[in-house]
Amino acid sequence: MEALFAVTLGVLTACGVYLLLRARVFPVVMGLTLISYAVNLFLFGMGRLNSGMPAVLGKTGEYADPVPQALVLTAIVIGFAMTAFVVVLSLRALGEVKSDHVDGEEPRE
Amino acid sequence: MKHALILPILLPMFTGALLLAAARMPLGLRRGVSLGATWLLLPLSILLLAQASDGQLRLYALGGWQPPFGIVLLLDRLSALMLLVTAVLAGFVALYACRGDDERGSDFHALLQFQLMGINGAFLTGDLFNLFVFFEILLIASYCLLLHGGGAQRVRAGMHYVLLNLLGSSFFLLGVGTLYGLTGTLNMADLALRIGQAAPSETPLLAAAGFLLLVVFALKAAVLPLYFWLPRAYASATAPVAALFAIMTKVGLYAILRVFTLLYGSEAGELANLARDWLWPLALLTVIGGALGALGARTLQMLLGYLMILSVGTLLAGIALGSPASIAALLYYLIHSTWISAGLFLLADLIARQRGEQAGALTAGPALQQPLLLGGMFFVGAIAIAGLPPFSGFIGKLLLLRAAPMGYPTLLLWTVLLTGGLCALVALSRAGSTLFWRASGQPSVTVEHDPLRLIASSGLLLGAPLLVLAGGPLQAYLQATAEQLLDLAPYLRIVGGGA
């Protein structure tokens, strides 16, 4: 399971970085979203990957760590707010600057 | 008075929420509420400073959960000092904004309050994930403030700022996640303990997490390879926002100072003083970058933006040296550079208003309406920020230069800092002579004289002589702050039995 998880994170991050470097607002927003998915999964994985474990201390030797889940929840909420903001900003940039390049102007060829 | 510790976070939070809910209230009333709440932070932070100056660490366990299990707020001399610096700055910024800049868009005052909540929270928290949350609060408020007033120029500069910081947040989470995965805690004091006891097999990962955090904080603080967003963003923001942002780079520096003295400080075993070797060249290169940028700047606001970078480099050199004397010196310089550059940003706006179309462009233009008054203020501010006697910049730089140990660091630091100061001086005198002396003819526009705007700007600039006059007691406090920061034993006792 760990290997699959790691590969998933790697693919998500790689796609995110690739999209981020396209330097057009829509791919960039998609790229940031993919990266934040990867980061959320990473945080989740930091509580160790296991299934069917009780979230209560003392019942068994092993337990599911609740802290990363709380952290992920916080990170997801913040991530949503930030994505919403950056989408609105991109639309506004498109309206005001008339370009979807992140520099606000078309690159010189 | 136990609860006074959390008030610098709660007060702006509730004021901001009230201002959002009551957005239909008359503007005058909203201004009054916002101004009142902002100035109330000043007595509050003085009270906290008085509490902290006895050298005890004060903890506030949220919900009564004792560390390391719950989130704690931590008040020491450093955080009390940062709160005070913020409160003074915010008071004058709010005053300036009330004279018209808050009408350019909606909800300026609510955003200002949320920004203050994030900044105060970042200074007070003793929990790494909580630091992330407060960073996000201050960032999202700063995105909105930066874009406040709209316009293509702001959107263009804001885009870089927003995207870079969103990526920075991901890095922050990766760093925090790695630390949690390895140590199982997020409390800074507990983290410091566990990093010190870490098994040798874990140290490379812990170091990687530390460097990830360094990248994030360096982005916020605008250290060399990561500062290119700053000048344009600051130059395009409205004047009160640019002035308020003078504290934003300092939040990043504060985080570097906190994390790399406590978590990766002297008690971190193999990882002790992890970042020091990196901070040193970065600091000097940042000074050089800021100085070159200042020489090439074409508008007054850009020039001030690059001077901000120059001061970030200077402050970082203080962190890199890492002795009590250098940390005390850097804190002195931090107070000075926050207030003076904020005052200069406000002054630049006053000057730009009287130049009509030319605004802040450094080209010959029409005469100003109040050349003597504004020129005098610019002169004081320029001398202070360039680091010439008799004002605070000189004392700050002198303390820092004296704190450098003998040998090659001294040689490098003296050369770079003094050359940087010279470049700043050249850039400022060129700007000043263009603005005030190469002016011809009659004033092109008539602007109403606004004494309150002048008071806001000169109030901050007045820090230059006041910091010199109060130099003795201030220096004693800062020396004690630096010693408290470097003596980790009380911090480590937080976990398992209170401070």
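Residues numbered from 1 in each chain as written. Chains lettered and ligands numbered in written order. Predicted model: local features only at pLDDT ≥ 70, side-chain atom pairs only at ≥ 80, totals over all residues. Heavy atoms only, no water.

Moving on, we come to the overall build of chain A. The secondary structure content of chain A amounts to 3 helices and 0 strands. Across chain A, helices and strands are ordered from the amino to the carboxyl terminus as α-α-α. Whereas a compact globule of 109 residues would reach a radius of gyration of roughly 13 Å, chain A reaches 19 Å, over 25% beyond that. With the C-alpha coordinates aligned to their principal axes, the bounding extent of chain A is approximately 65 × 25 × 15 Å. Within the span of chain A, comprising 109 residues, buried residues form 37% of the whole. (Helix = DSSP H or I, 4+ residues; strand = E, 2+ residues; numbered from the N terminus. Rg over C-alpha atoms; globule rule 2.2 N^0.38 Å. Buried < 20%, exposed > 50% of the residue type's maximum accessible area, 1.4 Å probe, protein only.)

Within chain B one finds 21 helices and 2 strands. By the compact-globule yardstick of 23 Å for 499 residues, chain B fits well, its C-alpha radius of gyration being 22 Å. Here the C-alpha coordinates of chain B stretch approximately 75 × 60 × 40 Å along the principal axes. Here chain B holds 499 residues, and the buried ones make up 63% of them. Taking as baseline every contact in chain B between residues at least 6 positions apart, the subset at least 24 positions apart corresponds to 81%. Surface accessibility of chain B: about 17,100 Å² in total, with carbon and sulfur atoms responsible for 68%. Across chain B, the 25 positively charged side chains and the 19 negatively charged ones have centroids separated by 9 Å. (Contact = heavy atoms within 4.5 Å. Areas by Shrake-Rupley, 256 points an atom, 1.4 Å probe, with all protein chains shown as cover. Lys, Arg positive; Asp, Glu negative; His and termini not counted. Charge placed at Lys NZ, Arg CZ, Asp CG, Glu CD.)

A word on a nonpolar patch on the surface. All names here are of chain B. Together, L285, I288, L292, L295, L388, L422, L425 and V426 make up a nonpolar patch on the protein surface, roughly 640 Å² of accessible area in all. Top element by residues in the nonpolar patch is helix 12 (residues 276-296). It accounts for 4 residues. Tracing the backbone through its elements, the reader meets L425 in helix 17 (residues 408-436). (Patch = residues over 30% accessible without salt bridge, like charges linked within 9 Å, V, L, I, M, F, W, Y side chains within 5 Å. Salt bridge = Lys/Arg side-chain N within 4 Å of Asp/Glu carboxyl O.)

Residues and elements named next belong to chain B. Positionally, S236 belongs in helix 9 (residues 230-236). With a relative accessible area of 8%, S236 lands in the buried category. At 3.0 Å, the side chain of S236 forms a polar contact with the backbone oxygen of R232. Reaching out from S236, the side chain makes a polar contact with the backbone oxygen of A233 at a distance of 3.2 Å. Contact partners of S236, with chain neighbours within four places excluded, come to Q153, R154 and A157. (Polar contact = N/O pair within 3.5 Å; in protein donor to acceptor, adjacent residues only side chain to side chain.)

Here we come to the UniProt feature "domain: NADH:quinone oxidoreductase/Mrp antiporter transmembrane" (unreviewed entry) in chain B. The feature "domain: NADH:quinone oxidoreductase/Mrp antiporter transmembrane" (unreviewed entry), as annotated in UniProt, sits at residues 126-418 of chain B in this numbering. Secondary structure across residues 126-418 of chain B divides into 75% helix and 0% strand, with the first and last C-alpha atoms of the span separated by 37 Å. (UniProt positions renumbered as here; feature names shortened; annotations may be inferred.)

Right, let's get into helix 13 (residues 300-321) of chain B. The end-to-end C-alpha distance of helix 13 of chain B, which contains 22 residues, comes to 32 Å, matching closely the 32 Å that a straight helix rising 1.5 Å per residue would cover. Of the residues one or two after helix 13 of chain B, G322 of chain B is the one with positive phi, at around 75°. (Expected span 1.5 Å × (residues − 1).)

So, about the packing of aromatic side chains. Taken as a whole and assessed by the stated rule, the structure comprises 18 aromatic pairs over all chains. Here the aromatic rings of F172 of chain B and F217 of chain B are separated by 5.5 Å at their centres, their planes lie at 90°, and the arrangement is edge-to-face. Separated by 45 residues along the polypeptide, F172 of chain B in helix 6 (residues 152-183) and F217 of chain B in helix 8 (residues 203-221) bring together distant segments of the chain. We classify F217 of chain B as buried; its relative accessible area is 0%. The rings of F85 of chain A together with Y143, Y161, W229, Y234, F245 and F345 of chain B are connected pair by pair, giving a single aromatic cluster. (Phe/Tyr/Trp six-rings, centres within 6.5 Å; stacked < 30°, edge-to-face > 60°.)

Okay, the UniProt feature "transmembrane region" (unreviewed entry) in chain A next. On the UniProt side, "transmembrane region" (unreviewed entry) is annotated at positions that read residues 6-21, 28-47 and 67-91 of chain A here. The distance from the first to the last C-alpha atom of residues 28-47 of chain A is 30 Å, and the span holds 90% helix and 0% strand.

This part covers the nonpolar core. In this structure, L128, L179, F217, L263, Y264 and F378 of chain B are the most contacted members of the largest nonpolar core, which totals 217 residues. If one sorts the elements of this core by residue count, helix 14 (residues 324-354) of chain B sits on top with 19 residues. Non-local contacts of L179 of chain B, meaning those with residues more than four positions away in its chain, are made with L128, G184, L191, I195, L206, A209, L213, L263 and Y264 of chain B. Of all hydrophobic cores here, the second largest spans 6 residues; its members include L9, A38, F42 and M46 of chain A. (Core = buried A, V, L, I, M, F, W, Y, C linked by side-chain atoms within 4.5 Å.)

Let us look at the environment of A17 of chain B. All names here are of chain B. Examined against the element boundaries, A17 turns out to sit in helix 1 (residues 7-21). Residue A17 is classed as partly exposed on the basis of its relative accessible area, which comes to 38%. In the structure, A17 is positioned 98 residues away from Q115 in sequence and 12 Å away in space, judged by C-alpha atoms.

Once that is clear, we can look at the interface of chain B and chain A. In this complex, chain B contributes 29 residues to the contact, which on the side of chain A involves 31 residues. When chain B packs against chain A, close to 2,700 Å² is buried across both sides, 80% of that on carbon and sulfur atoms. Connecting chain B to chain A are 6 residue pairs in polar contact (both at pLDDT 80 or more). For the side of chain B that touches chain A, the secondary-structure elements that each account for two or more residues are helix 5 (128-146) and helix 6 of chain B. (Buried area = accessible area lost by both parts, 1.4 Å probe.)

The next thing to look at is the side chain of R77 of chain B. Residues and elements named next belong to chain B. Structurally, the position occupied by R77 is in helix 3 (residues 77-97). Comment: no salt bridge for buried R77; closest opposite-charge side chain is D54, at 6.3 Å. The residues contacting R77, other than those within four sequence positions of it, are A52, S53, D54, G55, Y477, A480, T481 and Q484.

This part is about the pairing of strand 2 (residues 72-75) of chain B. Across a regular strand the side chains alternate sides, sitting on one face of the sheet and then on the other. All names here are of chain B. Of the two faces of strand 2, the one holding V72 and L74 and the one holding L73 and L75 are both buried throughout. Sheet analysis places strand 1 (residues 58-61) next to strand 2, joined by 4 bridges and oriented antiparallel. Of the residues in strand 2, the one forming a bridge with L59 is L74. (Pairing = 2+ DSSP bridges.)

What follows is about the packing of helix 14 of chain B against helix 15 (residues 371-386) of chain B. Residue and element names in this part refer to chain B. It is the contact of helix 14 with helix 15, at a shortest axis distance of 10 Å, that shows an interaxial angle of 150°. One element, helix 14, and the other, helix 15, form an angle in the roughly antiparallel class. Crossing hand, helix 14 versus helix 15: left-handed. Here Y333, H336, I340, S341, L344, L347, L350, I351 and Q354 of helix 14 come into contact with helix 15, specifically with L374, M377, F378, G381, A382, A384 and I385. Class assignment for the residues of the contact of helix 14 with helix 15 results in 12 nonpolar, 4 polar and no charged. (Axes fitted to C-alpha atoms, helices over the stretch in contact; angles between N-to-C directions. Parallel < 35°, antiparallel > 145°, perpendicular 65-115°, else oblique. Left-handed = near helix turned anticlockwise from the far one by under 90°. Nonpolar A, V, L, I, M, F, W, Y, C, P; charged D, E, K, R; others polar.)

Before going further, it helps to spend a moment on the pattern of salt bridges. Residue and element names in this part refer to chain A. All chains considered together, the criterion is met by 12 salt bridges over all chains. The residue D100 makes a salt bridge to R24 at a minimum N-O spacing of 2.8 Å. Of the two residues, D100 is situated in the segment after helix 3 (66-97) and R24 in the loop between helix 1 (2-20) and helix 2 (25-45); the sequence distance between them amounts to 76 residues.

Our focus in this paragraph is unusual backbone geometry. Residues other than glycine predominantly adopt negative phi, and peptide bonds predominantly adopt the trans conformation. Put simply, P67 of chain B and P68 of chain B share a cis peptide bond, and its omega is 5°. Summarising the element assignment, P68 of chain B is placed in the loop between strand 1 and strand 2. Residue P390 of chain B is reached from P389 of chain B by a cis peptide bond, and omega for that bond is 10°. Tracing the backbone through its elements, the reader meets P390 of chain B in the loop between helix 15 and helix 16 (392-403). In this model, R48 of chain A sits at a positive phi of 70°, which is unusual for a non-glycine residue. Here R48 of chain A shows up in the loop between helix 2 and helix 3.

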